[in-house]
Protein chains: 4
Amino acid sequence: MTISNPKTDLNVFENYESEVRSYSRSFPTIFDKAKGYQLWDKNGNEYIDFFAGAGALNYGHNDDAMQQKLTEYIQRDGLLHSLDMATNPRAEFLQQFNEVILKPRDMDYKIMFPGPTGTNTVESALKIARKVTNREKVVTFTNAFHGMTIGALSVTGNAFKRHGAGIPLPYSMVMPFDDYMDHFDSLTYLEKMIDDDGSGVDLPAAVILETVQGEGGINAASFEWLKRVEELCRRRDILLIVDDVQAGCGRTGTFFSFEQAGISPDVICLSKSISGSGLPMAITLIKPEYDIWGPGEHNGTFRGNNLAFVTASEALNHWKTNEFSDSILNKSELFKKRLNQFVEEYPELQGKVQGRGLMLGISSEKEGLSGQLAQAAFERGLIIETSGPDDEVLKILPPLIIDEEGIEKGLDIIEESIKAVLGKEEAKV
Amino acid sequence: MTISNPKTDLNVFENYESEVRSYSRSFPTIFDKAKGYQLWDKNGNEYIDFFAGAGALNYGHNDDAMQQKLTEYIQRDGLLHSLDMATNPRAEFLQQFNEVILKPRDMDYKIMFPGPTGTNTVESALKIARKVTNREKVVTFTNAFHGMTIGALSVTGNAFKRHGAGIPLPYSMVMPFDDYMDHFDSLTYLEKMIDDDGSGVDLPAAVILETVQGEGGINAASFEWLKRVEELCRRRDILLIVDDVQAGCGRTGTFFSFEQAGISPDVICLSKSISGSGLPMAITLIKPEYDIWGPGEHNGTFRGNNLAFVTASEALNHWKTNEFSDSILNKSELFKKRLNQFVEEYPELQGKVQGRGLMLGISSEKEGLSGQLAQAAFERGLIIETSGPDDEVLKILPPLIIDEEGIEKGLDIIEESIKAVLGKEEAKV
Amino acid sequence: MTISNPKTDLNVFENYESEVRSYSRSFPTIFDKAKGYQLWDKNGNEYIDFFAGAGALNYGHNDDAMQQKLTEYIQRDGLLHSLDMATNPRAEFLQQFNEVILKPRDMDYKIMFPGPTGTNTVESALKIARKVTNREKVVTFTNAFHGMTIGALSVTGNAFKRHGAGIPLPYSMVMPFDDYMDHFDSLTYLEKMIDDDGSGVDLPAAVILETVQGEGGINAASFEWLKRVEELCRRRDILLIVDDVQAGCGRTGTFFSFEQAGISPDVICLSKSISGSGLPMAITLIKPEYDIWGPGEHNGTFRGNNLAFVTASEALNHWKTNEFSDSILNKSELFKKRLNQFVEEYPELQGKVQGRGLMLGISSEKEGLSGQLAQAAFERGLIIETSGPDDEVLKILPPLIIDEEGIEKGLDIIEESIKAVLGKEEAKV
Amino acid sequence: MTISNPKTDLNVFENYESEVRSYSRSFPTIFDKAKGYQLWDKNGNEYIDFFAGAGALNYGHNDDAMQQKLTEYIQRDGLLHSLDMATNPRAEFLQQFNEVILKPRDMDYKIMFPGPTGTNTVESALKIARKVTNREKVVTFTNAFHGMTIGALSVTGNAFKRHGAGIPLPYSMVMPFDDYMDHFDSLTYLEKMIDDDGSGVDLPAAVILETVQGEGGINAASFEWLKRVEELCRRRDILLIVDDVQAGCGRTGTFFSFEQAGISPDVICLSKSISGSGLPMAITLIKPEYDIWGPGEHNGTFRGNNLAFVTASEALNHWKTNEFSDSILNKSELFKKRLNQFVEEYPELQGKVQGRGLMLGISSEKEGLSGQLAQAAFERGLIIETSGPDDEVLKILPPLIIDEEGIEKGLDIIEESIKAVLGKEEAKV
């Protein structure tokens, strides 16, 4: 299959929308409908989704049950906007999240609604860590991505995004992520820098990390590294913040991405798929002893996106048994097997398979190759993006509800794209 | 009428939600339904809304046409989440906003979707101003409120919120707002501070202001002051940012709050009521010559809240003629007349009526009085909040679509509340 | 008299010294000898000194007694350098300063040697204020000058010097100095900004001020303003730092410049003339309850400039009676009388006499005029500089030991220069 | 020999001087006279100097020729203080420095007088690097020491000193010094962090380093590491600043500490021994193409310490031949031989000899031992201090002019002290 006429009618975006727009450039078509793991554009072209709203659509597009709850809620004049006033959907979400997620995992956290975006939960996490410890600096890691507002951007690694701040970004200290450099024990380095009174590294308020770096190139930290970071934090009274915005909500196979590592973060950031439906929502989980906010000390107009709460409660039903979790891990194996085949069969890719669960990628040492693959795949009906500082990773992030047929179809397109791109490369030579 | 049993079932919020929650404390009941300018709680109590989601519900709750469009869009499997990919609702909004709002006003701006919250549009505005000018500092004004993320918080006045940052907030310089001090020409002072090479005030990238300060106490800048600020900005190549998040979208009678002042800001921030329905959405308007973003230089997961776009386009239909605008100004007169009566009839209020359009307030010099009034009003079925650094202003922010009956009912409750609170005060003595 | 050949041999400076050099440009000759209030260059030209090392030579050049003590100390192998180890001259200075200066004024302060420059004492003052209060921001005033290192530069007003930092200068908040603007009660403004929880002005660690701004244009604060600043500091637990580097050591007639105002600063910065001889030295006076430094928490290689201690103790002998103080005030009257005559007789100057004690100036509204006067005066044998943000003030800062003959001679040169410059101006027309 | 009564008369320091005083605590006696490598206290006790004013007395105390020049200059009424006006000693120094130091080494630099302290030259170096590159961040290294004013402190490692700032210290990024961690290629790490666009390390204005870290624990960088740092700087247009305040002026055997490494820094900071006599002085050397200061953009009252210039020119005579340099290297061998013997003979020291030239140290892994040795040595007539983040290094920094007798005497005292301290330790057990 080849996609027909995708570029129709994009001039309204070119004329009226800011130069900052990005995905309407990579996927130059107007999308019309979506269901499950599929999208259709205005020209009737069908696409498989290996992108999932950058992790915001773990449960796929337009889940039937969610659609029904949304229309019911709208039709019965439920409040759409309510700041942080008490509403039924808010109450229901609080209860459901406690019963389905926290209690079974023996986790005790207060739930904060910091505003409905990932950067908002990160900003609130940094604030509370600074308030609790009365310190300013925060340790972040190479290739971290935490958001675009100044607080979150300060702990983000990407030079292009950082430069966009227009101001020096202070109060963060960047350390090497788990396997940042070969033959280098990054954790011992971190410990030495924190413990050494002459290092120039001030005792931080917090360490913030993603267990699997999404935007930074699908880098999965080892469980041992995560445990040692936690130990360091405990030993020096540093708060451990896990930004589970992209890796959480089941993306790695368990609800939280750190469950298998056996760590207990002090603050957890969730957004993207927390609403289940792709509607804007974020929460910050804070250990009760650190929930020392004054009322309204951090606020925002859209802390009460009730439509998001409605679908969020529905989405959590997936987690009442282990079935969903098991299915993710099974699908992960399917993916990894095939991706490893690609790497072996096409050595010209200079590729390496990375990641955990359904947060996977093929990293290629060939400059520009991953971008060409993503474009070739789009032309063949697959939505897929790249990540990493040099866009060197083809990032595979399908909806978790994808079925085997979808998986195989998508992977077939990837393989076709590999052939096409490598063929073109050869042809050049 | 007196509200019955409002406090039922709030323990789920107390048990599970963070201490940061605020409005569920001021309005301690669970809200169930809302339509137009009215809300009902779970116990069947009816409330009139003089709060309007802090300005996010200018078109009232659950407008019929919007409800219908929402359910249609959901039922036809329209994309709910799409990052910043091209979708029909996004295209429609871009066109509608240009045709209904920008063109008729001879305004030429590129539209940016910076993430769906007010603080996000402010962060993007500050970034672009710094990028354009290659300067860091931004002039802000006393009692300004621009948001809770570190960039926006840096230009926010409130000490309690600022303190929540946990870090010193740099790169802003605070100047006195229009009539901050009696007998003081604040603009001449600002000019002198900017122009004087010995003042210690660095040449700023931008001046950011609200034409009517909402959270800061319903302080309306004079048109002359706004003109002079614009002139100063032009003279020194400083960008003028108007944060119209609360005062825009018709709140003061015109779509933008600055139309009557005749100024032409370089960057305009809109959020709150831009979606029409209270769903999270924000846009940043940037003069084309300053739209020098790189693709994706500022991004975010929820730049494409399509449900919000659907209702946003519908809402803009209000602005195709002058009727809506005229009605707001008429209602404003009704309010002001009655509020002024209150101030005259109840001198114990030590009150002063402030504001423009339907962004009004009674400022009271009596410590704590406005808060008591708001509470008394809630007990009588009116949702109303206070603002100002000492919560000294009873803030009147009804949906713009409110009718005369609603206005009178709400004002009657305010008058009853005044009597009750002053009576209690007297009784104390 | 006209100066002959002043520009000889300056090429060594042009060839080898950095472009940053300044006074060797304004006074382009090589100085050979100096005594009292006079200097001689290599060509034998004689100059009267109305500059006094920018306030570092209050006791004139090469005081006989100081010269003798210096040579004795050197010849007996006294330690020249001793870090902050105990030496005789250090002990003697500590005792002498306590007995001659502090005790008679009922002042109780610990003496810190922060490094031998003005900027060093300011940096130490800011540090201790932040340590004591656990706050970061410091209030400074328009046209303040406190030094060139980043901490001191942050509280300095001059745009050119600030720009030299190459980084945004944070943690300071600039407020209008006493009579910064006509018809404007700057102190009420300051109080309101500090007291108002919505102003955006964070509660500061300290207020730092010069009672007479030297570099900023010879602006003398009124005693009432100083008293009110002190009251504000007391009320809000803000430390009051007086930077008496230029205005102290007798420059305004009393040893400290604030004695007549009757205030009691928490921290006092002294440098420039504290050594008596122009040798590098600085001290920071700290109220004992705030002297909470850890040993070595602020240090520096040249905290023990023993030659400076030797002359400093000698210089303090001037303060054992009131005679010296009285003589300064008498000379001040002589100066002011004549300067006021100039302003009256030459209205083309558009001049105003400013300052206190022997820290005086004629401020001229005519752009560039003061600089022309200083140059004309130099050509006639008078060393004099300008100050103020636009170099609009002819700054009169003679050694305090100058006699009547010197005063009249210097003032005659100024009058000649006025005539010459105004004549040239006329001739142009 | 044992020192008698050293603690006499120290109460004047305890009563009047700030708690910040430090060396008068470690060496609790009042010093009276000094010559060459010896000092005498008021009680007639004699001390050998292995401290040399922390590197400010490389030419020893009270060199005869310098003393004579000083007294002559004073007696002929030479200017003591002259801001940065042209004087004979300033001209002479400029010429002498060019002819004796720069030209023979084929070095082309402009000479800046930034104020007479080490921290001042560092502040000026950071400023000019930021001005040249228009960037803010500066890379500094673990255990670096560059000074106590905010700019210099920002690039200093010591936690205690940093904490004294009372504000977060921004705009610096700390990287591991040469052999900071075993089995870790710190330079490859630095390169990767700088080159990687995702690292979060912003492209810096400059790298600042000491070739031998003095306060940080006598850590000598390898010449290869220095070369590679220089290459990295060249490749990315980063300025290389060598802070040669402590390691320069012959301390490591050559005039500049980096000569043997064959690198060519863009900016060089000199102070401490640059005056030769211990009088306050500092210079900043800037490659002509980077000398883009505006006149007076960085200034200071004591840029013209003429007495320091007088002795500085005299001191440079040492460098007219290679004799002085050779003698330093010979003495270094004497020291190293004997120090290595100590380490071998007294394994309880758990010691390691570190450093280059006459900047040496014994690092001991035994907590507190080096401090005990320094104290024991003082009691036996040797002035010696410790350095390193945990004061774990006994720092040997004799005047470069010390003779063999002095060396042996001093080393004998160290050996006695080792025996005494280890004996006491044993006795404890």
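These numbers were taken from a predicted model, which means no experiment stands behind them.

Just to check I follow, could you spell out the overall build of chain A for this structure?
Of regular secondary structure, chain A possesses 14 helices and 18 strands. At 22 Å, chain A has a C-alpha radius of gyration in line with the 22 Å of a compact globule built from 429 residues. Its C-alpha atoms give chain A principal-axis dimensions of roughly 60 × 60 × 45 Å. Counting all 429 residues of chain A, 69% fall into the buried class. Sequence separation of 24 or more characterises 73% of the internal contacts of chain A that already satisfy a separation of 6 or more.

Is there a simple way to explain the interface of chain C and chain A in this structure?
Many structure descriptions define interface size as the accessible area lost when the parts assemble. At the interface, 4 residues of chain C touch 4 residues of chain A. Both faces considered, chain C and chain A share a buried interface measuring about 210 Å² in area, 37% of it formed by carbon and sulfur atoms. At the junction of chain C and chain A, the tally comes to 1 residue pair in polar contact (both at pLDDT 80 or more). In terms of residue class, the side of chain C that touches chain A is built from 2 nonpolar, 1 polar and 1 charged.

Looking at this structure, I do not really get helix α4 (residues 64-75) of chain D. What am I missing?
The α-helix winds at 3.6 residues per turn, so residues separated by three or four positions along the chain end up facing the same way. In this model, α4(D) (12 residues) spans 17 Å end to end at C-alpha, consistent with the 16 Å of a helix rising 1.5 Å per residue. If you check which residues of α4(D) are buried, you get M66(D), Q67(D), L70(D), T71(D), Y73(D) and I74(D). Across the axial projection of α4(D), the buried residues extend over an arc of 160°, all falling on one side. Away from the buried face of α4(D) by more than 90 degrees, exposed residues D64(D) and Q75(D) are located. Buried-residue contacts for α4(D) involve α4 (64-75) of chain C together with β1 (30-35), α5 (88-102) and α11 (306-316) of chain D. Two to three positions downstream of the cap, the backbone nitrogen of A65(D) sits 3.2 Å from a side-chain oxygen, assigning the N-cap of α4(D) to D63(D). Positive phi appears at D77(D), one or two residues downstream of α4(D), with a value of about 60°.

Explain the nonpolar core to me, please; I cannot follow it from the model alone.
A general trend in soluble globular proteins is that nonpolar side chains are found buried together. Ranked by internal contacts, the top residues of the largest apolar core, which has 460 residues, are F97(A), F97(B), F97(C) and F97(D). Those residues in contact with F97(B), other than ones at most four positions away along the chain, are L102(B), I111(B), F255(B), F256(B), L270(B), I274(B), I283(B), L285(B) and L316(B). Y171(A), M148(B), L153(C) and L169(C) belong to the second-largest nonpolar core, a separate cluster that totals 29 residues.

Just checking my understanding: could you explain the confidence of the model for chain A for this structure?
Detailed reading of the predicted model is not advised wherever pLDDT is low. When pLDDT is averaged across chain A, the result is 95; 97% of the residues are at 70 or more. As a predicted assembly, this complex carries a pTM of 0.94 together with an ipTM value of 0.96.

Help me out: how do you make sense of the domain arrangement of chain A in this one?
Residue and element names in this part refer to chain A. Annotation of chain A at the domain level lists domain 1 (11-64 + 322-428) and domain 2 (78-319). Computed over C-alpha atoms only, the centres of domain 1 and domain 2 are separated by 26 Å. With 32 residues of domain 1 at the contact, the number on the domain 2 side is 32 residues. Carbon and sulfur atoms supply 51% of the area that domain 1 and domain 2 bury against each other, a total of about 2500 Å² over both sides. When the buried area of domain 1 at its contact with domain 2 is split by residue, Y59, R356 and M359 rank highest and sum to 36% of it. Joining domain 1 to domain 2, the criterion identifies 1 salt bridge. Taking the shortest distance from any N to any O, the salt bridge between K395 and E215 comes out at 2.8 Å. Between the two partners, domain 1 and domain 2, sit 19 residue pairs in polar contact (both at pLDDT 80 or more).

Please clarify how the relation of the copies chain C and chain D should be interpreted in this entry.
With an RMSD of 0.0 Å, chain C superimposes on chain D once it is rotated by 180° and translated 0.0 Å along the axis. What we have between these two chains is a two-fold relation. When the interface residues of chain C are mapped onto chain D, 99% of them again fall at the interface, so both copies present the same face.

Can you walk me through the relation of the copies chain C and chain A in this structure?
The relation between the two copies of this chain is a rotation about an axis and a shift parallel to it. Mapping chain C onto chain A is achieved by rotating through 180° and translating by 0.0 Å along the same axis, at an RMSD of 0.0 Å. Of the residues that chain C buries at the interface, 100% are likewise interface residues in chain A, meaning the two copies contact each other through the same surface.

I'm lost on the environment of K161(B) in this one. Help?
Within the secondary structure, K161(B) is located in helix α8 (residues 159-163). Given a relative accessible area of 11%, K161(B) falls into the buried group. In this structure the C-alpha to C-alpha distance between K161(B) and M148(B), which are 13 residues apart in sequence, comes to 7.5 Å. Ignoring any residue separated from it by four or fewer positions in sequence, one finds K161(B) in contact with G296(A), E297(A), N299(A), F145(B), M148(B) and L153(B).

What is the right way to read the pairing of strand β15 (residues 359-364) of chain D from this model?
Looking along a regular strand, one sees the side chains alternate between the two faces of the sheet. All names here are of chain D. With 6 of 6 residues buried, β15 lies mostly within the body of the structure. What you see with β15 is no split at all: M359, G361 and S363 on one side and L360, I362 and S364 on the other are buried throughout. Sheet topology note: the strand β14 (residues 351-356)/β15 ladder contains 6 bridges and is antiparallel. Residue pairing for β15: Q354 is matched across the bridge by G361. Hairpin connection, β14 to β15: the antiparallel pair is bridged by 2 residues, and G357 has positive phi, about 60°. Note that β15 and strand β18 (residues 393-396) share 4 bridges and pair antiparallel. Each bridged residue has a counterpart across the sheet, and for L360 the counterpart in β18 is I396.

Where do I start with the pattern of salt bridges in this structure?
One side chain can pair with another of opposite charge once the charged atoms of both are near each other. According to the stated counting rule, one finds 112 salt bridges over all chains in the structure shown. With its nearest N and O atoms 3.0 Å apart, the salt bridge here joins D195(B) to R235(B). Here D195(B) is found in helix α9 (residues 186-195), whereas its partner R235(B) is found in helix α10 (residues 223-236), with 40 residues between them in sequence. Of the residues examined, R235(B) reaches a relative accessible area of 47% and is grouped as partly exposed. It is possible to trace a salt-bridge network through shared partners that takes in E19(A), R21(A), R25(A), K110(B) and D291(B).

What should I look at first to understand the packing of helix α9 (residues 186-195) of chain D against helix α10 (residues 223-236) of chain D in this one?
Packed helix pairs are characterised by how far apart their axes lie and by the angle those axes make with each other. Residues and elements named next belong to chain D. Two elements in contact, α9 and α10, have axes separated by 10 Å at closest approach and are oriented at 10°. Classed by the angle they form, the pair α9 and α10 counts as roughly parallel. Contacts from S186, L187, T188, L190, E191, I194 and D195 in α9 reach W225, R228, V229, L232, R235 and R236 in α10.

Conventions adopted
- Residues numbered from 1 in each chain as written.
- Chains lettered and ligands numbered in written order.
- Predicted model: local features only at pLDDT ≥ 70, side-chain atom pairs only at ≥ 80, totals over all residues.
- Heavy atoms only, no water.
- Helix = DSSP H or I, 4+ residues; strand = E, 2+ residues; numbered from the N terminus.
- Rg over C-alpha atoms; globule rule 2.2 N^0.38 Å.
- Buried < 20%, exposed > 50% of the residue type's maximum accessible area, 1.4 Å probe, protein only.
- Contact = heavy atoms within 4.5 Å.
- Buried area = accessible area lost by both parts, 1.4 Å probe.
- Polar contact = N/O pair within 3.5 Å; in protein donor to acceptor, adjacent residues only side chain to side chain.
- Nonpolar A, V, L, I, M, F, W, Y, C, P; charged D, E, K, R; others polar.
- Expected span 1.5 Å × (residues − 1).
- Arc of directions from axis to C-beta.
- Core = buried A, V, L, I, M, F, W, Y, C linked by side-chain atoms within 4.5 Å.
- pLDDT = per-residue confidence, 0-100.
- Domains from an automatic or database assignment.
- Salt bridge = Lys/Arg side-chain N within 4 Å of Asp/Glu carboxyl O.
- Least-squares fit on C-alpha atoms with pLDDT ≥ 70 in both.
- Pairing = 2+ DSSP bridges.
- Axes fitted to C-alpha atoms, helices over the stretch in contact; angles between N-to-C directions.
- Parallel < 35°, antiparallel > 145°, perpendicular 65-115°, else oblique.

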